[in-house]
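Structural description and commentary
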Amino acid sequence: RRVAVFVEPSPFTYISGYQNRFKNLIQHLKGAGDEVLVITTGPDAPSEYCGAKVVQAPTFRFALYNSLPLSLGYSRKVWRALKEFDPDIIHASSPGFLSCAAATYHHILRRPLVLSYHTHVPKYVQDYFWPCLAPLVRSFSWLLVRNLHASADLTLTVSEPLAKELRGQNVSKGNVEVWQRGVDSDLFNPKYRSDA
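These numbers come from a predicted model, not from an experiment.

Here four bridges tie strand E8 (residues 113-117) to strand E9 (residues 154-157), and the two strands are oriented parallel to one another. Each residue of the ladder has a partner; that of Leu115, found in E9, is Thr155. Where E9 meets strand E10 (residues 176-178), three bridges bridge the pair, whose relative direction is parallel. Each bridged residue has a counterpart across the sheet, and for Thr155 the counterpart in E10 is Val176. Regarding the hand of the β-α-β motif, the stretch spanning E9, helix H6 (residues 160-168) and E10 is right-handed.

Put into structure tokens, the structure is as follows:
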């Protein structure tokens, strides 16, 4: 299989909650014999990770969260790499600008799209506005999430309570599953046991 992975911000240079999840995904796909193309933000994304080609999309900083590198993902560089790679499936982290590009490429290439939902925007975005605007902002956020995930064949998320909430909001037409966490058995291995 050929899997294109769109991830924003970069799991290689930006420390976040899903950094290990995406690094492990890439490692396991490569270990299973899949070909992987990673499209991510900069700065300083590597050109390769565990045998997967990495393409750094043009990157900008978001005014409300300046330390967060983002990308629109619409560039000749990204399109050429994706078209040449010819993926069988597209997987993108969501929400984000890059996931919007992944959804567009999914329509153009007519490939299945998996979106993995990591940041619960309707819950967090209201903290950036006056309390009187919170219900309106939350409703608008849900509208954006539903519209983005409407084209997804599957939405993955990090917990059953969040999956239930997404299903209740009819995200991905209710096709939401939990992306189970696993223990890194290379790092947490009995061979490292100590009697101390």
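Turning our eyes to something else, we now look at the environment of Gln169. Locating Gln169 in the fold gives a position in the loop between H6 and E10. As a C-alpha pair, Gln169 and Ala101 span 68 residues in sequence and 23 Å in three-dimensional space. Residues within four places of Gln169 in sequence aside, it is in contact with Trp142 and Arg146.

Read from one edge to the other, the open sheet built from eight strands follows the order E3-E4-E2-E1-E7-E8-E9-E10, with strand pairing classed as mixed. Every other strand in the sheet has two partners, leaving strand E3 (48-49) and E10 as the edge strands with one partner each. Where strand E1 (residues 2-7) and strand E2 (residues 35-40) come together, six bridges link them in parallel fashion. Within E2, the residue paired with Val7 across the bridge is Thr40. Contacting E1, E2, E3, strand E4 (52-56), strand E7 (89-94) and E8, helix H1 (residues 19-31) runs over the sheet at an angle of about 155 degrees to E2.

Structurally, His118 can be placed in the loop between E8 and helix H4 (121-124). Within the local environment of His118, its side chain forms a polar contact with the side chain of Ser116, the two groups lying 3.0 Å apart. Once residues lying within four places of it in the same chain are set aside, the contact partners of His118 are Tyr18, Arg21, Phe22, Ser93, Ser94, Val158 and Trp179.

About the criteria used
- Residues numbered from 1 in each chain as written.
- Predicted model: local features only at pLDDT ≥ 70, side-chain atom pairs only at ≥ 80, totals over all residues.
- Heavy atoms only, no water.
- Pairing = 2+ DSSP bridges.
- Helix = DSSP H or I, 4+ residues; strand = E, 2+ residues; numbered from the N terminus.
- Right-handed = clockwise from strand over helix to strand, strands pointing away.
- Contact = heavy atoms within 4.5 Å.
- Axes fitted to C-alpha atoms, helices over the stretch in contact; angles between N-to-C directions.
- Polar contact = N/O pair within 3.5 Å; in protein donor to acceptor, adjacent residues only side chain to side chain.

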